[in-house]
Amino acid sequence: MLQNIAIGQYVPGHSFLHRADPRSKLLFIILFATLVFLANNTVTYAVLVAFTLYAGLLSRLSLGYILKSLKPVWILIVFTIILHIFLTKGGAVYFQWGWFTVEERGIQQAIFISLRLGLLVVISSLLTLTTSPIDLTEGLERLLGPFGRIGVPVHEIALMMSIAIRFIPTLMEETDKIIKAQTARGANFTSGSLVKRAQSLIPIAIPLFVSAFRRAEDLALAMEARGYRGGVGRTRLHKLAFSWRDAGIAAAGVLLAITIGWWRA
Amino acid sequence: MNEENLLALQEVSYTYDDELGSRVPVLKDVDLTIQKGSFVSVLGHNGSGKSTMAKLMNALLLPEGGKVLVAGMDTSQGELVWEIRRHVGMVFQNPDNQIVGATVEDDVAFGLENMGVDPAQMRQRIDEALASVGMEPYLLAQPHRLSGGQKQRVAIAGIMAMRPSVIILDEATAMLDPQGRQEVLQLVRRLNRDEGITIINITHFPEEAVYSDKVVVMNAGEVLMEGPPGDVFNQVERLKAVGLDVPFAVRLRHMLAAKGIDLPFVLHQEELVEHVCRLLLTR
C-alpha cells in the first residue's frame, strides 16, 4: 500500500532544468522571489508570467505535474482574491451595493497578489520537480558552506537531510507493517469520531518511534565502524560542476532583474 | 608480535553497566589470536560476549583490561583508530540499519568519503567493490528495493571499497532468509579464498562454522573452546552443556552412536549420507 511512493516530488528526466546545477537553481529562485516582490505593474508581472511559462517549457514536464503543485495553495489564492476585491479601495468604482463597493485597485491587487503567490509556488515546484532530493541536499550543503565558518553545522544538517531521505521508504514500510499488525489485533483506524481516530494512531506512532530510535542507534554504530568522523577531511563522490546551462541561468537572472528594475513603477 | 597474527586479544576484559547500575563482566581475560587470511567462526549464546568482542576488534569499544592489537596497532591509541577501522570492516545484523546512502553507489562511497579518497579514484574503487560482491547492475538502485541478502552484499561492498584486511560479520546472516544467508556466506568464503581477506563470522548457526579454519566457542565471557571445526564439534556433550547446538551431520552421527551405530566423524551432511549408505550396503 505504501510501496510505490515517490520521495519528494522529483520527476526524473534529462531536460535543461534537470541537468542544471542545483546551486544555480537555488540561487535563481532566491533572486526570482525577490523580483516577484518588486514587480508592481502590468508590464513587470507580464514579464514574470512569460518567464515562468518559458521555464515550465524548459523542464519538459507535463502541465499536469506543474498544476498539481498549485493544489495545496489554491484555497489561499482564492481567499486572497476575495479579500482584495472586497477590501482594497481606490480608483474607479465598478460595482456598488449600499456601502459595499468593488473598485479598480481591488481588482488589480487581487490579480497581482494571487499571481505573486502562484508564480512563487510554480517556480519553486519546478526546482523540486527537476532536482533529486540528493542533489538538492548537496546543493544546499555547498551553498551554505560559508556559514560553517560562523559555527553553523552545515555538514551535519545536510547529512541529517540525506539520511532522512534514505530512511523515508524504510519507515514507510515499517508503518505499513505496524498498521497491519495492529489491525490483526483488532485495532480500528477508519471509523469513530475524530478524537477516537486520532487516539487510534497512538498504537502506530509509539512502536514506530521506538524502532526509529533503535535504527538510529544501529546506524550511528555502523557509520562509526566505517570511519565516519564528521565533515572535516571528507571528500564527496558527486562533484557538483557548473556548466553552460548554469551560465544560461545566471544570464537569465541578470536579464530578468534589469527588466523588472527598468519597468517597475 | 607474530607477523602472521593479524588480530590479537591479550587478556582482554570488558564490563557493562546494566540498568540497575551494577557492573556486569562481559569479557573476562580473553586471549585470542587470528591469523592473516583465515576464516574464523565465533559461536556463542546471546550474552556470551561475542558481539562485544567484535566491537573491541575495530575500536568501537576499548578494552578495560588487556590489549587489542590489529596488525600490530593497539586500539587504545586514539590516533590509530581510523587506520584500524579501515583495516577491520564490520557487517551488522540488521541490513536496513547500516546502509547510509540513498543509492547503492552512494552507500559504497560512504566509507571512501570518510577516508578522504580522491573523487577521481572513488569511481573505480566503487566499481571494483561492487564487482567483487556481484552487485554491479544495482549501482543506482535504492537500498529499500533490494533483498536482505543483497543489502548485506552492498554493506560488504562498502567495506571492500575501503580495502580492508578483515571483515567481521556480527550475526550478519541472522535476519536473512536461507537464500540470503547462502548468498552472503558464499560471498565471504570467496573473498576469503580469492582475495585473502580474513573473515570473522560471529553467528549462532553452527552449520555456518563447518567451513571455517578455526571455531571459537564463547561462553559467559570466556573462550570455552578453540580449534578446527572437527575438534570443536566432536565434543558434542560439552557444547550441549552450555546450550549450543552442533551441525546437523554431527548431531545425527552422535545420536546414531548412542544407539550403537558407529560411524566415522563427519562435519558435512553429504559425507554422512555417504557413510550411512555404505553402512546400509555392507550390512
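Residues numbered from 1 in each chain as written. Chains lettered and ligands numbered in written order. Predicted model: local features only at pLDDT ≥ 70, side-chain atom pairs only at ≥ 80, totals over all residues.

- Looking at an unreviewed UniProt entry, one finds chain B named Energy-coupling factor transporter ATPase, with Brevibacillus gelatini as its source organism.
- UniProt, in its Subcellular location (unreviewed entry) section for chain B, records the words "Cell membrane".
- The Sequence similarities (unreviewed entry) comment attached to chain B in UniProt states, word for word, "Belongs to the ABC transporter superfamily." (UniProt positions renumbered as here; feature names shortened; annotations may be inferred.)

- Named according to an unreviewed UniProt entry, chain A is Energy-coupling factor transporter transmembrane protein EcfT originating from Brevibacillus gelatini.
- Under the Function (unreviewed entry) heading, UniProt states for chain A: "Transmembrane (T) component of an energy-coupling factor (ECF) ABC-transporter complex. Unlike classic ABC transporters this ECF transporter provides the energy necessary to transport a number of different substrates."
- Under the UniProt heading Subcellular location (unreviewed entry), the entry covering chain A gives this text: "Cell membrane".

1. Considering the pairing of strand S1 (residues 93-97) of chain A
Residue and element names in this part refer to chain A.
- The buried fraction of S1 amounts to zero of the five residues, a small share that puts the element mostly on the outside.
- Relative to strand S2 (residues 100-103), S1 runs antiparallel, the two sharing four bridges. Its bridge partner being in S2, Val93 is matched across the sheet by Glu103.
- Between S1 and S2, which pair antiparallel and follow one another directly, the connecting turn spans two residues, one of which, Gly98, has a positive phi of 65°. (Buried ≥ 20, exposed ≤ 12 C-beta atoms within 10 Å, placed from the backbone. Helix = DSSP H or I, 4+ residues; strand = E, 2+ residues; numbered from the N terminus. Pairing = 2+ DSSP bridges.)

2. A closer look at the UniProt feature "transmembrane region" (unreviewed entry) in chain A
- UniProt marks residues 26-53, 73-97, 109-130, 150-168 and 244-263 of chain A with the feature "transmembrane region" (unreviewed entry), using the numbering shown here.
- For residues 109-130 of chain A, helix accounts for 100% and strand for 0%, while the C-alpha atoms at its two ends are 31 Å apart.

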